[in-house]
Amino acid sequence: MAAEEVVLRRLKTSKDIGKFMSDYYHELDAASKSGKQKIAWCTSVGPAEILRGMGFLIYFPETHSAMLGSTRMATELIPKANAIGYSPEICSYLTADIGAFLQGVTPLSKAFPGIESIPGCDVLVYNTNQCRDVQDWFAWYSRKFGVPSVGIETHRNVGTVTDTHVSSIVGQMESLVEPLEKIAGRRLDMDELKHAVALSRQCSDLWEEVLATATAVPSPLTFFDGTTLMGPAVVGRGTQKAIDVYKLLLEELNERIAQGVGAIGEEKYRIYWDGMPVWGRLGPHSKLFAGLQANVIASTYCSSWVFSALDPEKPMESMARAYTELFIVRSDEYKENYIKGKLELFHCDGIIYHDAKTCPNNSNCRYGLPQRLQAQTNIPALMINGDLNDLRLLSDEQTKTNIEAFIEQLEESKV
Ligand code: SF4
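Residues numbered from 1 in each chain as written. Predicted model: local features only at pLDDT ≥ 70, side-chain atom pairs only at ≥ 80, totals over all residues. Heavy atoms only, no water.

> Even after reading the chapter, I still don't get helix 13 (residues 282-291), so can you show me in this structure?
One full turn of an α-helix is made of 3.6 residues, so residues set three or four places apart face in the same direction. Of all ten residues that make up helix 13, seven are buried, and the element is covered over most of its length. Three or more residues of helix 13 are buried, namely L282, H285, S286, L288, F289, A290 and G291. Where helix 13 is buried, its residues touch helix 10 (223-229), strand 5 (269-274), strand 6 (294-299), strand 7 (350-356) and helix 18 (396-414). Residue Q293 follows helix 13 closely and has a positive phi angle near 60°. (Buried < 20%, exposed > 50% of the residue type's maximum accessible area, 1.4 Å probe, protein only. Helix = DSSP H or I, 4+ residues; strand = E, 2+ residues; numbered from the N terminus. Contact = heavy atoms within 4.5 Å.)

> Quick question: what am I supposed to make of the state of the cysteines here?
In protein structure, a disulfide is the covalent linkage between the sulfur atoms of two cysteines. Across all of its chains, the model carries zero disulfides by this definition. Residue C42 stays outside any disulfide, its sulfur separated by 11 Å from that of C121, the closest cysteine. On the basis of relative accessibility, which here comes to 0%, the residue C42 falls in the buried class. (Disulfide = S-S within 2.5 Å.)

> Mind showing me how you'd approach the environment of V45 here?
Turning to its location among the elements, V45 is positioned in the loop between strand 1 (39-42) and helix 2 (48-52). Taking C-alpha positions, V45 is 6.7 Å from N127, a pair spaced 82 residues apart along the chain. If we ignore the near neighbours within four places in the chain, the residues touching V45 are N127, N129, Q130, R237, W305, F307, Y323 and L326.

> Is there a simple way to think about the packing of aromatic side chains in this case?
Centre distance and the angle of the planes are the two values used to describe a pair of aromatic rings. What the rule picks out here adds up to 23 aromatic pairs. Here Y301 and W305 contribute two aromatic rings whose centre-to-centre distance is 5.6 Å and whose plane-to-plane angle is 75°, an arrangement assigned as edge-to-face. By relative accessible area, Y301 is classed as buried at 9%. Here the aromatic cluster, defined as three or more aromatic residues joined through ring pairs, consists of W41, Y59, F101, W140, Y141 and F145. (Phe/Tyr/Trp six-rings, centres within 6.5 Å; stacked < 30°, edge-to-face > 60°.)

> Would you mind showing me how to read the pattern of salt bridges here?
Two side chains bearing opposite charge may form a pair once their charged atoms approach each other closely. In total, this model carries 18 salt bridges according to the counting rule given. With a closest N to O distance of 3.1 Å, R186 and E192 form a salt bridge. Overall, the relative accessible area of 31% leaves E192 in the partly exposed class. A single salt-bridge network, built from bridges that share partners, covers D332, E336 and R372. (Salt bridge = Lys/Arg side-chain N within 4 Å of Asp/Glu carboxyl O.)

Given below as structure tokens:
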């Protein structure tokens, strides 16, 4: 199949998102240098709202590690962590991030002039709702900095989220409050907590609307855009600024829909992506698909920051529910139904599963799920081997060949 000329339409609001991220990291950097505000490190789906209710600024190491991936710094840094006993088989976010720390480098300094290092840390707060790796990752920094690492150990393989699940997580969240108050040097303010939950919910609703614009044909958005546009949903939930920037983004996407403008030149095939992005290949992958007139329009990954259960009137309970409803900790039966619903909603012609070598938690193609789903939906599926951050674990040639053959298969099935 001959590749078409590649047309990728950049969103104007990307600049506003870039400014949001720059302001976010500069605020952390200033607090780190002045020592005027406490900084908590938090996992990307950790209890951020509790931390905001105590006045912490929040730094998310996973976002830093995604930057290590997208700047292609990660691959050379991972062996530094391997050398101190962290296996090449475990999360390459963890190994890249610890490797960067050991090497004394960060992509922040190039991206945001004036920042020389990652921010300081007064406490680390995790939720294992993604995986155990985050707990080990934070434990390493806890030993390094001599600060506490506290967190929530979540339920896994959850089918229906029950009151028992929720109440046990509420109990764990409540038991974090006292130790965190000691570090914050102040009490948890319930009004601030409710406010943070309300803002998180608004941010989540807007992010969901942003992602839903991809139901339009042609889609004004690609998955590859989404992986960078999601920055505010991850690091800024619980803040007004994230809401403001997403309102701008939504406006631009709706304008595109009204004008019938798609994110790529011509959208002939609509693809769903399951699993992590390959951070170091976002550009080449987006061009590869666009050149084949295929738009990867939706993903499990970007939707993971939609928390519709958040309710400011029941802050702790609703946080516990929202952070337990997360796709990644759910049963395969739930995941099958979830993906099936997305394939219908986004009118997808095909689905690609990324089997990320070092993240079994976000790889959903190892226990027969794609085959079961294909039998139910008749929607063709492709599995690609790769990794989120370690570029030694993928073959660009193989990926390209497999994707081209897959799009040809979709072409044949459309005839
Ligand atoms: S979910 Fe995967 S990528 Fe994220 S921290 Fe855990 S192992 Fe790493």
